[in-house]
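As a plain string of letters, each chain reads:
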Amino acid sequence: MSNDSLTIAFTVRATPEAAFAAITSVRDWWPGQVDGPTDWLGAAFTYRYADVHRSTRRISELVPGRRVAWHVEDGHLSFVPDPAEWAGTDIVFEITPAGAGTEVRFTHVGLAPAVACFGQCSGAWHLYIGRLRDLIAGGPTRRAAGSRP
């Protein structure tokens, strides 16, 4: 992890295409309400979780089997002093063949230890990236109800 972003990487026995398909199927691994397409370049989707988190992400990169990036256009986190602290950040998934499997490197650029939500948000990202890993590996395809982002 660099000083200005949170990075989580894992390797799984699956193809890069399977990883790409899972990443773009956001509703299958991230709890909350997702409105809008999550697999079209240039499209925007909104994520909501109760009154805790709301954000709009624009799909800024979509390279099948290689890379997915979302730019957070706006957002509201109810549990930090600056509710808009995610606005302007980028969420990036890099997909690379690795031996008999695939490495996925997730980076939330701008989510740094100095950011108020870092503790809670990094813990939540570890949980959701674990769910993504399981989905790519052929595990559970639906998230647990009531999970907090």
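Quick caveat, the model's predicted, so the values are computed rather than measured.

S.K.: Would you take a moment to explain the nonpolar core for this structure?
M.R.: The nonpolar side chains of soluble globular proteins are, as a tendency, buried together. If you look at the biggest cluster of nonpolar residues, it comprises 44 residues, and the most contacted ones within it are Trp29, Trp70, Phe93 and Trp125. Elements that contribute at least two residues to this core include exactly β1 (5-12), α1 (16-23), β3 (44-49), β4 (53-63), β5 (67-77), β6 (90-98), β7 (101-109) and α2 (118-136). No other element matches α2, which puts nine residues into this core. Filtering out sequence-adjacent residues up to four positions away, Phe93 remains in contact with Ile23, Trp29, Arg66, Arg67, Val68, Trp70, Val104, Arg105, Phe106, Ile129 and Leu132.

S.K.: Please explain the pattern of salt bridges as it appears in this structure.
M.R.: Pairing between side chains of opposite charge can happen when the charged atoms of each approach one another. Throughout the structure, instances matching the rule amount to seven salt bridges. Note that Asp35 is salt-bridged to Arg48, the shortest N-O span being 2.7 Å. Of this pair, Asp35 sits in strand β2 (residues 33-35) while Arg48 sits in strand β3, and the two are 13 residues apart along the sequence. Asp35 sits in the partly exposed class, given a relative accessible area of 31%. Note that Arg54 and Asp74 form a salt bridge whose closest N and O atoms lie 3.2 Å from each other. Residue Arg54 is located in strand β4, and its partner Asp74 is located in strand β5; the two are separated by 20 residues in the primary sequence. Judged by relative accessible area, which is 33%, Arg54 ranks as partly exposed. Classification of Asp74 as partly exposed rests on a relative accessible area of 33%. Linked by salt bridges that have partners in common, Glu61, Arg67 and Glu94 make up one network.

S.K.: It is not clear to me how the sheet that holds β3 should be interpreted in this structure. Could you clarify?
M.R.: By definition, the strands of a sheet pair up through backbone hydrogen bonds, in either a parallel or an antiparallel sense. Spatially, β1-β7-β6-β5-β4-β3-β2 is the arrangement adopted by the seven strands of the open sheet, whose pairing is antiparallel. Each end of this open sheet is capped by a strand with a single partner; those strands are β1 and β2. In this sheet, adjacent strand axes meet at a mean angle of 20 degrees when their direction is disregarded. Where β2 meets β3, three bridges bridge the pair, whose relative direction is antiparallel. Note on β3: the bridge partner recorded for Val34 is Tyr47. Packed on one face of the sheet, α1 meets β4, β5, β6 and β7 and runs near 160 degrees to β6. Strands in contact with α2 are β1, β5, β6 and β7; relative to β1, the strand with the most contacts, it is inclined by about 20 degrees.

S.K.: Explain the pairing of β6 to me, please; I cannot follow it from the model alone.
M.R.: On any regular strand, side chains alternate: one points to one face of the sheet, the next to the other face. The pairing of β5 with β6 spans five bridges and is classified as antiparallel. Along β6, the bridge assignment pairs Val68 with Phe93. Taking the residues that link successive antiparallel strands as the turn, the β6-β7 hairpin has two residues, and the phi of Gly99 there is positive, at about 60 degrees.

S.K.: What exactly am I supposed to notice about the side chain of Thr107 here?
M.R.: Among the secondary structure elements, Thr107 is positioned in strand β7. Once residues lying within four places of it in the same chain are set aside, the contact partners of Thr107 are Ser5, Leu6, Thr7, Asp90, Ile91 and Val92.

About the cut-offs
- Every chain is numbered independently, its residues counted from 1 as its sequence is written.
- This being a predicted model, a pLDDT of at least 70 is required before a residue's local features are given, and a value of 80 or more before pairs of side-chain atoms are given or counted; all residues contribute to the totals for chains, interfaces and linings.
- Here the side-chain values reflect all heavy atoms present in the structure, with hydrogen atoms and water set aside.
- The term nonpolar core refers to a set of buried residues drawn from Ala, Val, Leu, Ile, Met, Phe, Trp, Tyr and Cys, joined through side-chain atoms within 4.5 Å.
- Think of it in three bands: residues with accessible area under 20% of the maximum for their type are buried, residues over 50% are exposed, and the middle band is partly exposed, with areas taken using a 1.4 Å probe on protein chains only.
- Secondary structure elements follow DSSP: runs of H or I no shorter than four residues count as helices, runs of E no shorter than two count as strands, and numbering proceeds from the N terminus.
- We call two residues in contact whenever any of their non-hydrogen atoms come within 4.5 Å of each other.
- The rule for a salt bridge is simple: a side-chain nitrogen of Lys or Arg has to be within 4 Å of a carboxyl oxygen of Asp or Glu.
- Between any two strands, pairing holds if DSSP finds at least two bridges.
- Helix axes are fitted only over the stretch in contact, all axes being lines through C-alpha atoms; the angle between N-to-C directions runs from 0 to 180 degrees.

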